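# What the coordinates show
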Amino acid sequence: MALSSKIIGVGSFVPEKVFTNHDLEKMMNTSDEWIQQRTGIVERRWVDKNVGTSDLAVKASEEAIANAGLDKSDVDMIIFATLSPDHDFPGSGCFLQAKLGIPEIPALDIRQQCTGFIYAMSIADKFIKSGSHKNILVVGAEVHSKGLDRTPEGRNVGVLFGDGAGAVIMSATEVSDAKTEGHFIDAHLHADGSYAKELWLPGPGTGFDSENRFDAAMFEEGLHYPQMNGKVVFVHAVKRMIESLTNLCKEQGVTIDDIDLFLFHQANLRINSKIAEVMNIPEEKVFNTIQKYGNTTAATIPLGMHDAVKAGKLKPGMLVASAAFGSGFTWASALYRF
Ligand code: UT7
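Residues numbered from 1 in each chain as written. Predicted model: local features only at pLDDT ≥ 70, side-chain atom pairs only at ≥ 80, totals over all residues. Heavy atoms only, no water.

### Side note on the pairing of strand S6 (residues 135–142)
Stated formally: Relative accessibility thresholds used throughout: buried, under 20% of the residue-type maximum; exposed, over 50%; partly exposed, between the two (1.4 Å probe, protein chains only). Secondary structure is summarised from DSSP: a helix means a run of H or I of at least four residues, a strand means a run of E of at least two, and numbering begins at the N terminus for each. Here the rule is simple: two strands pair whenever DSSP picks up at least two bridges between them.
The element S6 is largely enclosed, with a buried count of eight among its eight residues. Side-chain alternation along S6 places Asn-135, Leu-137, Val-139 and Ala-141 on one buried face and Ile-136, Val-138, Gly-140 and Glu-142 on a second face that is also buried. Examined bridge by bridge, S6 and strand S7 (residues 164–175) share eight bridges and lie antiparallel to one another. Pairing of Glu-142 across the sheet is with Gly-164, part of S7.

### Focus on helix H5 (residues 116–130)
This is how it is decided: A helix is expected to span 1.5 Å for every residue after the first.
With 15 residues, H5 extends 21 Å from end C-alpha to end C-alpha; this agrees with the ideal 21 Å at 1.5 Å per step. Taken residue by residue, H5 has Gly-116, Phe-117, Ile-118, Tyr-119, Ala-120, Met-121, Ser-122, Ala-124, Asp-125 and Ile-128 as its buried positions. The first or second residue beyond H5 is Gly-131, which carries a positive phi of 90 degrees.

### Quick notes on the sheet that holds strand S11 (residues 261–264)
Rules: Only the stretch in contact is used when a helix axis is fitted, and all axes are lines through C-alpha atoms; the angle between N-to-C directions ranges over 0 to 180 degrees. The contact criterion used throughout is that any non-hydrogen atoms of two residues lie within 4.5 Å.
Overall, mixed pairing links the four strands, which are arranged S8-S13-S12-S11 in an open sheet. Either end of the sheet is taken by a strand with one partner, and the two such strands are strand S8 (183–191) and S11. Taking the axes of each pair of neighbouring strands and ignoring which way they run, one obtains an average angle of 10 degrees across the sheet. Packed on one face of the sheet, H5 meets S8, strand S12 (319–326) and strand S13 (330–337) and runs near 125 degrees to S8. The sheet strands contacting helix H8 (residues 230–252) are S8, S11, S12 and S13, and the helix crosses S13 at an angle near 35 degrees.

### Some thoughts on the packing of H8 against helix H9 (residues 269–279)
What counts here: Orientation labels follow simple angle bins: below 35 degrees gives roughly parallel, above 145 gives roughly antiparallel, 65 to 115 gives roughly perpendicular, and whatever is left gives oblique. In this scheme the handedness of a crossing depends on how the near helix is turned from the far one: anticlockwise by less than a right angle means left-handed, clockwise means right-handed.
Running from amino to carboxyl end, H8 crosses H9 at an angle of 40 degrees, the nearest separation of the two axes being 10 Å. When the axis of H8 is compared with that of H9, the two are oblique. Relative to H9, H8 is oriented so that their crossing is right-handed. From H8, Phe-234, Ala-237, Val-238, Met-241, Ile-242, Leu-245 and Thr-246 reach across to H9, where they touch Arg-270, Ile-271, Asn-272, Lys-274, Ile-275, Val-278 and Met-279.

### Side note on the nonpolar core
Test applied: Residues enter a nonpolar core if they are buried and are Ala, Val, Leu, Ile, Met, Phe, Trp, Tyr or Cys, with the set joined through side-chain atoms within 4.5 Å. Residue ranges for the domains originate in an automatic or database domain assignment.
If you look at the biggest cluster of nonpolar residues, it comprises 34 residues, and the most contacted ones within it are Ile-7, Val-138, Met-170, Leu-263, Met-305, Leu-314 and Tyr-336. Top element by residues in this core is H5. It accounts for seven residues. Inspection of this core shows a minimum of three residues originating in each of domain 1 (2–175) and domain 2 (183–337). In terms of nonpolar packing, the next biggest core, distinct from the first, is built from 28 residues, Leu-199, Ala-237, Val-238 and Cys-249 among them.

### Some details on the side chain of Ser-122
Examined against the element boundaries, Ser-122 turns out to sit in helix H5. What makes Ser-122 buried here is its relative accessible area of 5%.

### A few points about the site of the ligand
Stated formally: Proximity is defined per residue: any heavy atom of the residue falling within 4 Å of a molecule or strand makes that residue near it. Polar contacts here mean pairs of N or O atoms no more than 3.5 Å apart (in protein, one a potential hydrogen donor and the other a potential acceptor; neighbouring residues in sequence count only if both atoms are side-chain atoms). Per-residue accessibility takes into account occlusion by the displayed protein chains alone, with areas from the Shrake-Rupley method and a 1.4 Å probe. Gly falls in the polar group here, along with every residue not listed as nonpolar (Ala, Val, Leu, Ile, Met, Phe, Trp, Tyr, Cys, Pro) or charged (Asp, Glu, Lys, Arg).
In the vicinity of the ligand lie 21 residues, with Thr-30, Arg-38, Lys-231, Asn-268 and Asn-295 positioned nearest. Measuring from a nitrogen atom of the ligand, one finds a side-chain N or O atom of Asn-156 at 3.5 Å. Measuring from an oxygen atom of the ligand, one finds a side-chain N or O atom of Lys-231 at 2.7 Å. Taken by itself the ligand offers 950 Å² of open surface, and the protein chains cover 74% of this. Elements with a minimum of two residues in the shell around the ligand: helix H2 (32–39), helix H6 (155–158), H8 and H9. If one sorts the elements of the shell around the ligand by residue count, H8 sits on top with four residues. When its residues are assigned to classes, the shell around the ligand shows 10 nonpolar, seven polar and four charged. Two domains each provide a minimum of three residues to the shell around the ligand, namely domain 1 (2–175) and domain 2 (183–337).

### Topic: the sheet that holds S6
On the basis of which strands lie adjacent, the open sheet formed by five strands has the order S1-S7-S6-S4-S5 and mixed pairing. Edge positions in the open sheet fall to strand S1 (2–13) and strand S5 (107–110), since each of these has one partner strand only. Taken pair by pair, the neighbouring strands of this sheet meet at an average axis angle of 20 degrees, ignoring direction. The sheet strands contacting helix H3 (residues 53–67) are S1, strand S4 (77–81), S6 and S7, and the helix crosses S1 at an angle near 125 degrees. Sitting on the sheet, helix H4 (residues 92–100) touches S4, S5 and S6, and the angle it makes with S4 is about 130 degrees.

### A closer look at the pairing of S13
Extensive coverage of S13 is indicated by the burial of eight of its eight residues. Residue alternation in S13 divides its side chains into two sets, Thr-330, Ala-332, Ala-334 and Tyr-336 and Trp-331, Ser-333, Leu-335 and Arg-337, and both sets are buried. When S8 meets S13, the two strands line up antiparallel, connected through eight bridges. Note that in S13 the partner of His-188 across the bridge is Ser-333. Relative to S13, S12 runs antiparallel, the two sharing eight bridges. Looking at the pairing, Ala-324 lines up with Ala-332 of S13. Between S12 and S13, which pair antiparallel and follow one another directly, the connecting turn spans three residues, one of which, Gly-328, has a positive phi of 145 degrees.

So this is what it looks like as structure tokens:
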């Protein structure tokens, strides 16, 4: 018997308000045809002005805790992946912890952007395997809409991102047969900071030659909006997600045929189709959600996981593969039996 971790509950939450590509045509210099052809996105959810990232996270977390059959007092750690926290500090994990009413347990924010949820699951797995923690709430949540340029000039990035939250409970389990019993098998985590400025949010920050983290000139230059070199990101995303997942599968002696479901990050439908084509993955094994949510960054994988459960596509005992790529550059892959 070996101590391991297992996903025992999943939850998610998206804001009610749907913004279709046609709604965006009225704000930005874009078209439904361009967005669908280039990205696959049809619509996304954006929050009302009184909603912050931890508000979405609390709903997803409560559902994950309930679906795990636990009480919130059973949770002994929070790991919160987000690039769009409620405030610069403290981390959204602290706000979430207060809203859940579970004081004193550790609350850790991590900032690995679109790769954040795989990093978060891997960190939770390590804590559980060490024996120090038993039930870790792992959350990915984003409110992108409040940080996007939603004017005609903002189309390059503004059409791509949506708001949402997903959460899982990773719980300690004893595994006697690693080939058949549900558990988190392993993850490969990567980063290459030499590409940091290919997809980044410059301001506010201390990285300027300035006495202030932010000033009017930076604001006028639009440095508070995300900047992305889309083509470079696209090429690296395809290459790195394939490379990471291929290496992980090889190391674990797992073939594409062995895997029941692929829950990839959702940045562009064309990225996922290319990966499926190169890796010979049947399209029906790839569960895509970008059409209705856009890119929800750290929330994407748990949001997709919960939708797959609700759609009957993800069932106990299934072998799942995830891979993600994002700002940093960061990228990662994971194998887990549900
Ligand atoms: O999750 C984090 C990781 N992010 C990603 O993985 C994103 C990766 N990159 C991509 O998905 C794609 O590069 C984009 C969807 C961002 C862009 O698609 P693209 O096929 O690379 O288009 P492009 O940037 O080369 O732009 C093509 C044309 C340009 O016009 P010209 O120069 O050909 O006249 C753009 O100005 O499309 C124009 N364009 C738009 N037109 C209408 C760019 N954005 C838009 C828009 N609506 N929203």
